[in-house]
Amino acid sequence: MIYLDANATEPLRPESRLAALEALDCVGNPSSPHKAGRAARALLDDARKRVSTRLGVHPDNCVFTSGGTEANTLAVKAVGRNRRILIGATEHDAVRKAADDGELVEWLPVLPDGTIDLAALEKTLARSEAAALVCVMLANNETGVINPIEDVASLCRKTGAWLHVDAVQAVGRVSADIGTLGADSLALSGHKFGGMKGAGALLLAGDAPVVLHPMQAGGGQERGRRGGTQALPAIVSLAAALDAALDQPVDFTGLRDRINAAASCCGATICGEDAPRLHNTSCIALPGVRSEAQLIALDLEGFCVSAGSACSSGKVGGSHVLAAMGLGDLAGNAIRVSLPWNVTEADVSGFIAAYERMARRQSARSSRAQIAPADQIGM
Ligand code: PLP
């Protein structure tokens, strides 16, 4: 089996596994004042400090959560209270659905290349003086398209809007320093860069602790912003994965472009090709061939890739991301290939050969289907 679905979840890094195993042997609850609790607290504090340093926030403003969905939901629910909420059309459901229940959402269009439409954002912000929350992701999970967050931030700054950035697919792959981006908050998820599943964080800009109304108050952990005993093994594994990802950076641009070139030769469209994109992500749409058919064919050949958003896998529907980019019918013909941190050239060569076989078979099938009615008329 060759795993090329890193944007769904990255393989666990050895450093993260080790860190998690050590924490599994730590019996204490980080909130307990005794020796065992203090040992757990020391691990938690160390993880918080490392993550904060890496991404440019004060440790008091790193709120650990169960993952990216919770970090995004907390931002939308807590910051979005009594504000207008402006959400990019290609955001992940973790953001889209967080604002579903009652809050008044204004959707921000994207340009055909998949990047946020800055002119539309500026116009929408100018429409009202009410306080606003703007949600624009750093990198898209389906296409890998990278948004110009610094430009979004400067528009937000002019109007005093709060900018929340879903950086779940970006952390460990492109720079995601909160200060450089100019964001007010940023969501991340450990398993998306090689940590264990079960931990994420909401990072908040500023040197003084930011007060947030929690979704779950519980015992007041995380400075009252997220109650519940912290998942220590997953959290230390997240910190170790972040260190590993940033200390051992990889650049798969060459491998990604080989996949794209081969797919183009088979007649595929590369979604978001004209925009800056993650070096590990290809979103390729083969006209006339349903995503599910491609997935099944490639799975039978031993390659794990995905269609649409893999967080909701099981559901292979048309992609709201590609639809927002104006790709019409192609939205149901796309697959995503996302290279994990441990991918090899041989994996990519094997995938390209399998993709070419699949595309040849599928186009032979669709030309037979087109010939069949004519044959029948002749009979
Ligand atoms: N945001 C983006 C862009 C994602 O791709 C995902 C998952 O794929 C999430 C948020 C949700 O993260 P998690 O799976 O950690 O809840």
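Residues numbered from 1 in each chain as written. Predicted model: local features only at pLDDT ≥ 70, side-chain atom pairs only at ≥ 80, totals over all residues. Heavy atoms only, no water.

Visitor: Kindly report on the overall build of the chain, identifying the contributing residues and their values.
Guide: Helix and strand counts for the chain stand at 12 helices and 12 strands. The principal-axis extents of the C-alpha atoms in the chain amount to approximately 85 × 55 × 30 Å. Expressed as a percentage of its 379 residues, the buried residues of the chain come to 54%. For the chain, the proportion of contacts with a sequence separation of at least 24, taken over those separated by at least 6, is 70%. As displayed, the chain has an accessible area near 15900 Å², and 55% of this comes from carbon and sulfur atoms. Positive and negative side-chain charges in the chain, numbering 36 and 41 respectively, have mean positions lying 4 Å apart. (Helix = DSSP H or I, 4+ residues; strand = E, 2+ residues; numbered from the N terminus. Buried < 20%, exposed > 50% of the residue type's maximum accessible area, 1.4 Å probe, protein only. Contact = heavy atoms within 4.5 Å. Areas by Shrake-Rupley, 256 points an atom, 1.4 Å probe, with all protein chains shown as cover. Lys, Arg positive; Asp, Glu negative; His and termini not counted. Charge placed at Lys NZ, Arg CZ, Asp CG, Glu CD.)

Visitor: Let's hear about unusual backbone geometry: which residues, and what values?
Guide: The phi dihedral of N82 is positive, around 60°, even though this residue is not glycine. Turning to its location among the elements, N82 is positioned in the loop between α3 (68-80) and β3 (84-88). At E222, a position not held by glycine, the phi torsion is positive, near 55°. Along the chain, E222 turns up in the loop between β8 (200-204) and α8 (232-247).

Visitor: Summarise the nonpolar core; cite the residues concerned and give the values.
Guide: Judged by nonpolar contacts, the single largest core of 63 residues is most densely connected at V51, V134, L138, L163, L188 and L203. For L203, the contacting residues outside a window of four places in its chain are V51, L55, V57, N61, C62, I178, D184, S185, L186 and L188. Core analysis: the second largest hydrophobic core is formed by 28 residues, A262, A268, L286 and V343 among them. (Core = buried A, V, L, I, M, F, W, Y, C linked by side-chain atoms within 4.5 Å.)

Visitor: An account of helix α1 (residues 14-24) is requested, with residue identities and associated values reported.
Guide: Within the sequence span of α1, burial applies to S16, A19, A20 and A23. Around the axis of α1, the buried residues are gathered within 100° of arc, so they sit on the same side. For α1, the exposed residues set more than 90 degrees away from the buried face come down to R17, L18 and E22. Residues of α1 that are buried make contact with α2 (35-55) and α8. (Arc of directions from axis to C-beta.)

Visitor: Explain the packing of aromatic side chains residue by residue, including any values.
Guide: The tally for this structure, following the rule as stated, stands at two aromatic pairs. For the ring pair F303 and F351, a centre distance of 5.9 Å and an interplane angle of 75° mean the geometry is edge-to-face. Taken together, the residues span a long stretch of sequence, with F303 in strand β11 (residues 303-304) and F351 in helix α12 (residues 345-378) at a distance of 48 residues. F303 gets classed as buried once you look at its relative accessible area, which sits at 7%. A residue is classified by how much of its surface remains accessible, and F351, at 1% relative accessible area, is buried. For the ring pair F351 and Y355, a centre distance of 5.9 Å and an interplane angle of 40° mean the geometry is tilted. With F351 and Y355 both in helix α12, this residue pair falls four residues apart, about one helical turn. Judged on exposure class, the residue F351 and its partner Y355 are both buried. (Phe/Tyr/Trp six-rings, centres within 6.5 Å; stacked < 30°, edge-to-face > 60°.)

Visitor: Which residues make up the sheet that holds strand β5 (residues 132-135), and what values do they have?
Guide: Strand order in this open sheet of seven strands is β2-β8-β7-β6-β5-β3-β4, and the pairing throughout is mixed. Lying at the two open borders of the sheet, with one neighbouring strand each, are β2 (62-65) and β4 (105-108). When the angles between neighbouring strand axes are averaged without regard to direction, this sheet yields 20°. Where strand β6 (residues 162-166) and strand β7 (residues 185-189) come together, three bridges link them in parallel fashion. Looking at β7, one finds that H164 is bridged to S185. (Pairing = 2+ DSSP bridges. Axes fitted to C-alpha atoms, helices over the stretch in contact; angles between N-to-C directions.)

Visitor: A description of helix α10 (residues 291-300) should follow, citing residues and the corresponding values.
Guide: Within α10 the residues assigned to the buried category are S291, Q294, L295, A297 and L298. Along the long axis of α10, the arc covered by the buried residues comes to 165°, so they all point the same way. Exposed and oriented more than 90 degrees from the buried face of α10 are I296 and L300. Positive backbone phi, approximately 95°, marks G302, located one or two places after α10.

Visitor: Tell me about the pattern of salt bridges, and name the residues and values.
Guide: Inspection of every chain in the model, using the stated rule, returns 18 salt bridges. Among the ionic pairs, E222 bridges to R48, the shortest N-O distance being 2.7 Å. Of this pair, E222 sits in the loop between β8 and α8 while R48 is found in helix α2, placing the two residues 174 residues apart along the sequence. Comparing E222 with R48, the two get one shared label, buried. One salt bridge connects R361 with E301, and the closest N-O pair in it is separated by 3.8 Å. Of this pair, R361 sits in helix α12 while E301 sits in the loop between α10 and β11, and the two are 60 residues apart along the sequence. (Salt bridge = Lys/Arg side-chain N within 4 Å of Asp/Glu carboxyl O.)

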